[in-house]
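Summary of structural features
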Amino acid sequence: MPYERRPGYEQERVAAMWKARWEPYHIEAEQRRQEIKLGACRELGGLSEREVVIAGALVYWCEGTKDKIYRRTEKVSFINSDPALVVFFLRFLGVVGVPRDHVQVRLHIHETGDVEAATKWWSDLVGTPVERFENPVIKKHNPKTTRKNLLDEYRGCLQITIRKGADLYRRIEGWAYGAMLGGDPAEARLISRSDEVLSKILNDRGRQG
């Protein structure tokens, strides 16, 4: 008997055919990705305290608040939404001897988020009681922003600030440049605070072979 196919039938049939054709390749590609990631993870193993200091200083230099010549702000303030990075930064603070009572935490979250649930989640993760959290920073919602990563519940970002942290900030800056440049270039950059001076030293070193 002749019949009229419903709208969208052809597209669904083609999509099913493509899925059947390519799904084995997608599964194999995902397995390769996981093997590479897990292999690299196992290859690295654990970190020594020295390595934690190096990695922690570089993590802060990428993500933390930095002092500027035109705005002296020698304080340690780190904010991130990645729980693994937050946990690692707290580990770094412990290794370099920061007392736990000097560590202040604050939630940053959009007004559409669940402040109470997010605070409790971060509290459980970092081991800081909810009542010790600073007042949260509530961000205005931007309707143009579309979150694509919906695998995890939205929990905002956690900010970590260190009381009386000026000396720690200076040490972090020294560790970071020592790790990145080492020797004379690192010291020149720390003393001059000038990228031009650093560029000249590196160029001179290059010309000398």
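For the structure, see preceding data.
Residues numbered from 1 in each chain as written. Predicted model: local features only at pLDDT ≥ 70, side-chain atom pairs only at ≥ 80, totals over all residues. Heavy atoms only, no water.

**What about the packing of aromatic side chains?**
Note the cut-off: Centre distance within 6.5 Å is the pairing criterion for rings of Phe, Tyr and Trp, where only the six-membered ring of Trp is used; planes under 30 degrees apart are then read as stacked, over 60 as edge-to-face, and the remainder as tilted. A helix here means a DSSP run of H or I that spans at least four residues, while a strand means a run of E at least two residues long, and both kinds are numbered starting from the N terminus. Note on geometry: a ring has a charge over it if NZ (lysine) or CZ (arginine) is within 6 Å of the ring centre and within 35 degrees of the ring normal.
The tally for this structure, following the rule as stated, stands at eight aromatic pairs. Summarising the aromatic geometry, the rings of Phe92 and Trp175 are spaced 6.1 Å apart at their centres and angled 85° between planes, so their arrangement reads as edge-to-face. Taken together, the positions of Phe92 in helix 3 (residues 83–95) and Trp175 in helix 5 (residues 166–180) put the pair 83 residues apart, joining distant regions of the chain. Site record: aromatic cluster; members linked through ring pairs are Tyr60, Trp61, Phe78, Phe89, Phe92, Tyr169, Trp175 and Tyr177. In this arrangement the basic side chain of Arg155 is found over the ring face of Trp121, its NZ or CZ atom lying 4.0 Å from the centre.

**Let's talk about the pattern of salt bridges**
For the record, the criterion: One speaks of a salt bridge when a side-chain nitrogen belonging to Lys or Arg is within 4 Å of a carboxyl oxygen belonging to Asp or Glu. Accessibility here uses a 1.4 Å probe with only protein chains present; expressed as a share of the type maximum, an area under 20% marks a residue as buried, one over 50% as exposed, and anything in between as partly exposed.
Under the counting rule described, the total for this entry stands at seven salt bridges. Measuring nitrogen to oxygen at the nearest pair gives 3.0 Å for the salt bridge that ties Glu30 to Arg33. Separated by three residues within a single helix, Glu30 and Arg33 lie in helix 1 (residues 9–44), roughly one turn from each other. By relative accessible area, which is 44% here, Arg33 ends up partly exposed.

**What to know about the sheet that holds strand 3 (residues 137–139)**
The condition that has to hold: Pairing between strands is defined by DSSP: at least two bridges between them are needed. Axis angles are defined between N-to-C directions and span 0 to 180 degrees, where every axis is a line fitted to C-alpha atoms and, for a helix, only to the segment in contact.
With respect to topology, four strands assemble into an open sheet ordered 1-4-2-3, the strand pairing being mixed. The sheet terminates laterally at strand 1 (77–80) and strand 3, the two strands that pair on one side only. With direction set aside, neighbouring strand axes in the sheet form an average angle of 20°.

**So, the nonpolar core**
Applied cut-off: Only buried Ala, Val, Leu, Ile, Met, Phe, Trp, Tyr and Cys residues count toward a nonpolar core, and they belong to the same one when joined by side-chain atoms within 4.5 Å.
The biggest cluster of nonpolar side chains holds 33 residues, and the ones touching the most others in it are Leu93 and Ile160. Going through the elements one at a time, helix 2 (49–63), helix 3, strand 2 (103–110), helix 4 (115–126), strand 4 (157–162) and helix 5 are the ones with two or more residues in this core.

**Overview of the packing of helix 2 against helix 3**
To be explicit about the condition: An angle below 35 degrees is read as roughly parallel, one above 145 as roughly antiparallel, one from 65 to 115 as roughly perpendicular, and any other as oblique. What makes a crossing left-handed is the near helix being turned counterclockwise from the far one by less than a right angle; a clockwise turn instead makes it right-handed. Every residue pair with non-hydrogen atoms within 4.5 Å of one another is taken to be in contact. Gly is put with the polar residues, along with every residue not named as nonpolar or charged; the nonpolar set is Ala, Val, Leu, Ile, Met, Phe, Trp, Tyr, Cys and Pro, and the charged set is Asp, Glu, Lys and Arg.
At a minimum axis distance of 9 Å, the contact between helix 2 and helix 3 shows a crossing angle of 125°. By the criterion of interaxial angle, the relationship of helix 2 to helix 3 is oblique. The way helix 2 lies across helix 3 gives a crossing that is left-handed. For the pair formed by helix 2 and helix 3, the contact residues are Glu49, Val52, Val53, Ala55, Gly56, Ala57, Val59, Tyr60 and Glu63 on the first element and Leu85, Phe88, Phe89, Arg91, Phe92 and Val95 on the second. Residues that form the contact of helix 2 with helix 3 fall into these classes: 11 nonpolar, one polar and three charged.

**Focus on the side chain of Asn80**
As a reminder of what qualifies: In the analysis that follows, any N or O atom pair within 3.5 Å is treated as a polar contact, provided that within protein one partner can donate a hydrogen and the other can accept it, and provided that, for residues neighboring in sequence, both atoms belong to side chains.
By the secondary structure assignment, Asn80 is in strand 1. Taking the relative accessible area as the measure of exposure, Asn80 reaches 11% and is therefore buried. Side-chain polar atoms of Asn80 contact the side chain of Glu63, separated by 3.2 Å. In terms of polar contacts, Asn80 uses its side chain to reach the backbone amide nitrogen of Asp82, at 3.0 Å.

**With respect to helix 6 (residues 183–192)**
Helical periodicity: at 3.6 residues per turn, an α-helix aligns residues three or four positions apart in one direction. Using the following cut-off: The directions considered for the arc are those from the helix axis to the C-beta atoms.
Restricting attention to buried positions, one finds in helix 6 the residues Pro185, Ala186, Ala188 and Arg189. Seen along its axis, helix 6 keeps its buried residues to an arc of 165°; they face one direction. Those residues of helix 6 that are exposed and aimed more than 90 degrees away from the buried face are Asp184 and Ile191. Phi turns positive, to about 55°, at Arg193, one or two residues after helix 6.

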